[in-house]
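The primary structure of each chain is shown beneath.
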Amino acid sequence: MRFLMIFFLLPCWLFAQQATRENWGSYKNEIETHFEKADYLKAIEPLLKAKQWFETQKLTESLEYAIVLIDLGECYYQTYDLNKSAKFYGDGILALSNNKSAPKNSGTLMELAYITSHLAHVLILKGDFVTAKGYLDGTYQKVSQVRAENLKKNVIIDTLFAVTSLYKTYGDLHFAQNDLAGAEKYYRKALNVASKETRHDLVRTNIYGSIILALADMYDLQGLPEKQIKELESLINYYEINVGEPAKKLKEYILALKKAGEFYAKQVISEKDSISKDNTKEKAANYLHQALTFQKEISEDNAIYADVLLALSRYLLYTEPSRTETAFKLAKSAYSLFYKNYTQPHVKHIESANLAGFIALHLKKYNEAEELFALALKAAPVLNDKYHIYLLHLHFNTGLAMMYQNKNSLAAIEFLSGSWIIEEQIRRNFAHLTEKEKEALYKTFNENILLYAYFVSENYSQIQPLSQLLFNLLLHTKGFLFNQNRVFVKSILQSKNENLKKKFQKWQALKAELAKKQQSTNLSERNYYQSGKSILEQDIEKLEKDIASQNAEFQKKVTDKNKQKRIDWTDVQSKLKEDEALVEIVRTYSFKNGFHQDSAIYLALIIKPNANQVELIKFSDGYEMENGSLNFYRNSIRFRKKDNESYNIYWKPIAEQLKGVKRLYFCPDGIYHQINPRTLFNPATNTYVADELEVRMISRSADLIEIRNRKAQEKKFAVYQMYLFGYLDYSNLPNLKIPNNTPKKSSTGKSFRKQRFFNPETSVILSLPGTKKEVENIASFAQKAGVKTQVFQELQANEENLKKLQNPDILHIATHGFFEEESEEMKNPLLRSGLILAGAELAIKKLIPDTYENGILTAQEVLSLDLETTELVALSACETGLGEIKNGEGVYGLQRAFLQAGTQSLIVSLWKVDDAATQEFMSSFYENWLVKKMPKTEAFTQAQQSLKQKYKEPYYWGAFVIVG
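Reading guide: rules and limits
- Residues numbered from 1 in each chain as written.
- Predicted model: local features only at pLDDT ≥ 70, side-chain atom pairs only at ≥ 80, totals over all residues.
- Heavy atoms only, no water.
- Helix = DSSP H or I, 4+ residues; strand = E, 2+ residues; numbered from the N terminus.
- Contact = heavy atoms within 4.5 Å.
- Areas by Shrake-Rupley, 256 points an atom, 1.4 Å probe, with all protein chains shown as cover.
- Axes fitted to C-alpha atoms, helices over the stretch in contact; angles between N-to-C directions.
- Parallel < 35°, antiparallel > 145°, perpendicular 65-115°, else oblique.
- Left-handed = near helix turned anticlockwise from the far one by under 90°.
- Nonpolar A, V, L, I, M, F, W, Y, C, P; charged D, E, K, R; others polar.
- Buried < 20%, exposed > 50% of the residue type's maximum accessible area, 1.4 Å probe, protein only.
- Core = buried A, V, L, I, M, F, W, Y, C linked by side-chain atoms within 4.5 Å.
- Phe/Tyr/Trp six-rings, centres within 6.5 Å; stacked < 30°, edge-to-face > 60°.
- Lys NZ or Arg CZ within 6 Å of the ring centre and 35° of its normal.
- Salt bridge = Lys/Arg side-chain N within 4 Å of Asp/Glu carboxyl O.
- Patch = residues over 30% accessible without salt bridge, like charges linked within 9 Å, V, L, I, M, F, W, Y side chains within 5 Å.
- Lys, Arg positive; Asp, Glu negative; His and termini not counted.
- Charge placed at Lys NZ, Arg CZ, Asp CG, Glu CD.
- Expected span 1.5 Å × (residues − 1).
- pLDDT = per-residue confidence, 0-100.
- Arc of directions from axis to C-beta.
- Pairing = 2+ DSSP bridges.
- Polar contact = N/O pair within 3.5 Å; in protein donor to acceptor, adjacent residues only side chain to side chain.

Remarks on the overall build of the chain
Now for step 1: Regarding its fold elements, the chain presents 41 helices and 20 strands.
Now for step 2: Within the chain, contacts between residues at least 6 apart in sequence are counted, and of these 74% link residues at least 24 apart.
Now for step 3: Accessible area for the chain stands at about 40300 Å²; split by element, carbon and sulfur atoms hold 50% of it.

Considerations on the packing of helix α39 (residues 915-931) against helix α40 (residues 936-950)
Now for step 1: For the pair α39 and α40, the least separation of the axes is 8 Å and the interaxial angle reads 140 degrees. Of the possible angle classes, the one that applies to α39 and α40 is oblique. In terms of crossing hand, the pair formed by α39 and α40 is right-handed. Together, A917, E920, F921, S924, F925, N928 and W929 of α39 and K936, A939, F940, Q942, A943, Q944, S946, L947 and K950 of α40 make up the contact between the two elements.
Now for step 2: Considering only residue class, the contact of α39 with α40 consists of 8 nonpolar, 5 polar and 3 charged.

Let's talk about unusual backbone geometry
Now for step 1: Positive phi, close to 65 degrees, is recorded for Y80, a residue that is not glycine.
Now for step 2: Relative to the helices and strands, Y80 is located in the loop between α4 (63-78) and α5 (82-98).
Now for step 3: Assessed through its relative accessible area of 4%, Y80 is described here as buried.
Now for step 4: Notably, K933 is not glycine yet its phi reads approximately 60 degrees, a positive angle.
Now for step 5: Turning to its location among the elements, K933 is positioned in the loop between α39 and α40.

Quick word on the nonpolar core
Now for step 1: The biggest cluster of nonpolar side chains holds 195 residues, and the ones touching the most others in it are Y452, F455, F471 and L582.
Now for step 2: Excluding its chain neighbours within four sequence positions, the residues that come into contact with F455 are M403, N408, A411, A412, F415, I463 and L466.
Now for step 3: F757, A843, I848 and L930 belong to the second-largest nonpolar core, a separate cluster that totals 115 residues.

Re the packing of aromatic side chains
Now for step 1: Under the counting rule described, the total for this entry stands at 44 aromatic pairs.
Now for step 2: Judged by centre distance (5.1 Å) and plane angle (25 degrees), the ring pair of Y170 and Y186 falls under stacked. Of this pair, Y170 sits in helix α8 (residues 160-176) while Y186 sits in helix α9 (residues 180-194), and the two are 16 residues apart along the sequence. By the burial criterion, Y170 is buried, and Y186 matches it.
Now for step 3: The aromatic ring of F88 is capped on one face by K87, whose charged end is 4.9 Å from the ring centroid.
Now for step 4: Its guanidinium or amino end placed over the ring of W507, K511 lies 4.0 Å from that ring's centre, counting from NZ or CZ.

Considerations on the environment of L582
Now for step 1: Within the secondary structure, L582 is located in strand β1 (residues 580-589).
Now for step 2: Taking the C-alpha atoms as reference, L582 lies 6.7 Å from K608; in sequence the two are 26 residues apart.
Now for step 3: Once residues lying within four places of it in the same chain are set aside, the contact partners of L582 are F471, V572, L576, L605, I606, I607, L664, Y665, C667, I698, S701 and L704.

Details of the pattern of salt bridges
Now for step 1: Inspection of the entire model under this criterion finds 41 salt bridges.
Now for step 2: Ionic pairing is found between R188 and E231, a salt bridge with its closest N-O pair at 2.8 Å. In this pair, R188 is assigned in helix α9 and E231 in helix α11 (residues 225-242), connecting sequence segments 43 residues apart.
Now for step 3: According to the relative accessible area criterion, E231 is buried, its value standing at 10%.
Now for step 4: Taking the shortest distance from any N to any O, the salt bridge between E368 and K332 comes out at 3.1 Å. Remark: K332 occurs in helix α15 (residues 324-341) and E368 occurs in helix α17 (residues 366-378); sequence separation between them is 36 residues.
Now for step 5: On the accessibility criterion, E368 (26% relative accessible area) is partly exposed.
Now for step 6: Put simply, K258, E262, D307, R314, K348 and E351 are held in one network by salt bridges that share partners.

Some words on a positive patch on the surface
Now for step 1: A contiguous patch of positive charge, built from R638, R640, R756 and K912, is present on the exposed surface.
Now for step 2: Positionally, K912 belongs in the loop between β19 (905-909) and α39.

Quick look at helix α25 (residues 535-550)
Now for step 1: Its 16 residues give α25 an end-to-end C-alpha distance of 23 Å, which sits within 8% of 22 Å, the value for a rise of 1.5 Å per residue.
Now for step 2: By the burial criterion, the buried members of α25 are L536, E537, I540, E541, L543, E544, K545, I547 and A548.

Observations concerning the confidence of the model for the chain
Now for step 1: Residue-level pLDDT values for the chain average 85, and 88% of them are 70 or greater.
Now for step 2: Ranking the elements of the chain by mean pLDDT puts helix α1 (residues 12-16) last, at 38, and helix α31 (residues 652-655) first, at 97.
Now for step 3: Low pLDDT (under 50) marks residues 1-21, which in the prediction has 63 contacts with non-local residues, meaning those over four places away or in another chain.

Observations concerning helix α34 (residues 770-784)
Now for step 1: Between the first and last C-alpha of α34 there are 22 Å, a value that for 15 residues agrees with the 21 Å anticipated at 1.5 Å per step.
Now for step 2: Of the residues making up α34, those classed as buried are G770, T771, E774, V775, I778, A779, F781 and A782. Seen end-on, α34 carries its buried residues on one side only, within an arc spanning 165 degrees. The outward face of α34, more than 90 degrees from its buried face, is lined by the exposed residues K773 and K784.
Now for step 3: In the core, the buried residues of α34 are packed alongside β8 (721-728), β11 (788-794), β12 (810-814), β16 (872-876) and α39.
Now for step 4: Note on α34: the residue one or two positions beyond its end, G786, has a positive phi of about 85 degrees.

Examining the sheet that holds strand β13 (residues 817-819)
Now for step 1: Pairing in this open sheet of 3 strands is antiparallel, and the strands run β13-β14-β15 from one edge to the other. Two strands close off the open sheet at either side, each with one partner strand: β13 and β15 (856-858). For this sheet, the mean inter-axis angle between neighbouring strands, taken without regard to orientation, is 25 degrees.
Now for step 2: Where strand β14 (residues 833-836) and β15 come together, 3 bridges link them in antiparallel fashion. Bridging from a neighbouring strand, I836 pairs with I856 of β15.

Structural notes on the packing of helix α19 (residues 408-429) against helix α21 (residues 466-477)
Now for step 1: Close contact between α19 and α21 brings their axes to 10 Å; oriented N to C, the two are set at 15 degrees. One way to sum up the angle between α19 and α21 is to call them roughly parallel. Both α19 and α21 take part in a crossing whose hand is left-handed. Taking contact as the criterion, the partners of A412, L416, S419, I422, E423 and I426 in α19 are, on α21, L466, L469, N472, L473, H476 and T477.
Now for step 2: Here the residues of the contact of α19 with α21 sort into 7 nonpolar, 4 polar and 1 charged.

Looking at the environment of V193
Now for step 1: In this fold, V193 is placed in helix α9.
Now for step 2: Its relative accessible area of 10% is what places V193 among the buried residues.
Now for step 3: Sequence-wise, V193 and S165 are 28 residues apart; in three dimensions their C-alpha atoms are separated by 9.7 Å.
Now for step 4: The residues contacting V193, other than those within four sequence positions of it, are L160, V163, T164 and Y167.

With respect to the environment of T434
Now for step 1: By the secondary structure assignment, T434 is in the loop between α19 and α20 (435-459).
Now for step 2: Those residues within four positions of T434 in sequence are excluded, and the remaining contacts are E541, E544 and K545.
Now for step 3: A polar atom in the side chain of T434 sits 3.3 Å from the side chain of E541.

Quick word on the pairing of β16
Now for step 1: Of all 5 residues in β16, 5 are buried; the element is thus mostly enclosed.
Now for step 2: Both faces of β16 are covered, namely the face carrying L872, A874 and S876 and the face carrying V873 and L875.
Now for step 3: One ladder, built from 5 bridges, connects β12 with β16; its direction is parallel. Across the sheet, the residue bridging to H812 is A874, located in β16.

Structural notes on the pairing of strand β4 (residues 663-667)
Now for step 1: A large share of β4 lies buried, amounting to 4 of its 5 residues.
Now for step 2: In the sheet, β1 pairs with β4 via 5 bridges, with the strands oriented parallel. If you follow L582 over to β4, its bridge partner there is Y665.
Now for step 3: In this sheet, strand β7 (residues 694-697) lies alongside β4 in parallel orientation, the contact comprising 4 bridges. The partner of Y665 across the bridge, within β7, is R696.

This is the structure we're talking about:
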């Protein structure tokens, strides 16, 4: 946004051309006073009188008359009367262009270009993108031509501020059309030009400030707080260093202080320890105090003051719950001031009314909240986009207010409108984002998805289509980040753009380098690279951004997908055979008291071939399922005890809807990632679920469509290459000289003290002699099937050899796996899970220099493995299926890492496995698959059933699951 005073815009010579007239002078002084206080509404009356005076005196060719018209355009823009603003800006530009007394040089053109960018911005706000672009293109062409001519003549003319303003307005144009990649591109171009300007007069500093604020707003909208605050604080520092005391009267400076204060107020919620919370709260208070103090000196009756009140309201809401009522009053006061200053619907009407309504929800003033949200929705046409991200939160907030008043039919409409915006935002904006940016933006959607799921769980029986609508939303959002990353990589590898592939290879190499540095032997270095703020990580993100913007194939896939028919639950249903069904598990929370509590709720959405709706089963006591019941299930498995309870808790309500079903496609979420449904014992029939039906695990329901669309191909195992790792020597590495001194402290940040395979007293990792027989037996079956095999054992089963593999068809790793709980030192779940390979003991004893692979393969490093065409990875290790569970995105650990690295299918374990049983199971599986040529999932099921005949307890036969 531009908040510039037109009196600072035109140079002094413009005013010197005409003699000062007494009447005009009085108007001018009054106008300047109002501009200084940003009282644009009050400035309109004297400006209109001045305009009339010039017309009466027949002085419409004077420069002052042109200035009056342009000032009127600015005032109507600031008060959001866009039609009048566009008219007066246009008239002012025409008057200035035709003025005979103005010098006809390139400087005049630059000023006209600057004002034209203002007019284009007004047209953008009106939604007239075509006309706005026409003005920008025409003006930019003229400016470029003049710049080129001046360069030929060695004439130096000040064109920077005009070009900067044009680029910034191009960015606004892209932003208004939800093209975030285009917006960022032009904002960055504008900054690049602005950075060449060494002067810091008011015009240039205001332009610079408006660009930074636009970038910060965009990052805020995308859920990228670190980028947002970086831009804001850089702008604050710029004003304080380069402008000094006069900055206190600049709107851009005050807005930067205000936004920085809001940022830190939000951060208070996420701070865990009291010291960090107090420090963050103090930062927020300081920024907001400055903003309020400086703005009070200017005016307490304009839109900027209203903006500061809005920020203070947020501050109190986030940091001082006891003053929520005061926050509510401030938000309503801000709305009233915005309403007074903006004569037409404005985005600030939406923002302030939405915040006031949100606070009313906190205060349980549901009827008043609904009224405030209605005021916000009334202004929504100003956004020129029914899928604008502002409306996402507004629709869900409105639905929440209605839900608490039992207006459930109306609430359903609001939630549905919000869900459509989520899908549209994903389609529009995810293609150009980096993985980190996608995750941040998706996080902003997820709370609303959880709210919708809760609403459906409460009302599906009264409002029949709700379960289908929820399933449709999950089809497009569950596992979306994972799927997008897979499509992104595949499109690059299939691309014909060799330059793009080289960049991709460089990106992969940098990621591998980062993963290695995150396990550095130097503690401070390790913490630096794990902080997420290293220069290397910034380089990786920049390169990923560049790759995404150049990846035409990926963009085309996204565009083509947008043009395709939107898939829904019936498309999934059409892929089911008569004796099949699909169950989608959803984990949500109770929103009973306004905002979600600690108590989880689980939903099972069930699709059967001939059903006319999606069945919904609700498990209300998610807290017990995730705690006491889970511990009982695990202990029953571990101690080989009969479990008559878990079936009734986790499965019975689902099973009652599966009469006649022989094969079930199961999409887990939450706690269902930590149990194997096949191992649940039905006390009524004295059988396990494994005896009653085949359960096939898939990551997301949409995968069923892909599975069924794959062309069946006869296996030609003769062209397969299989690699096996087992019987590892954890205490040595090839060609490594061990020094005499042996420090006790771990070098990798991983103590492994709670891992069963590790002895903390001796720093010795438990050997696995049984894996020698395991990999040799599997190799013999593979060779019978004609599969080329290579076995890595002892010292050769090391991390370096594993990382050298390129697209193995089958990769089998028999070793220890680990997953460590989150700590202050280690938060990334992909660094807290991994596999133990040859030489790992040396890393724990601090004997391996950073130039060597340390034998601890983290899930973060797995992401860089080359597994794009791999059919199967089998992790014959303990608890390789564990990790950090994120709603809708599955398990963040080895499971996600190997699947994201490219493997089509993955075998992992959910608990500590028995060596002998594992050998038998794996041998049976590979014999069924490779020698008997059973389909992979059938081979897995048969191997499990065979082992079950020998060992009754699930501990032996139920640890492994196959995904994909």
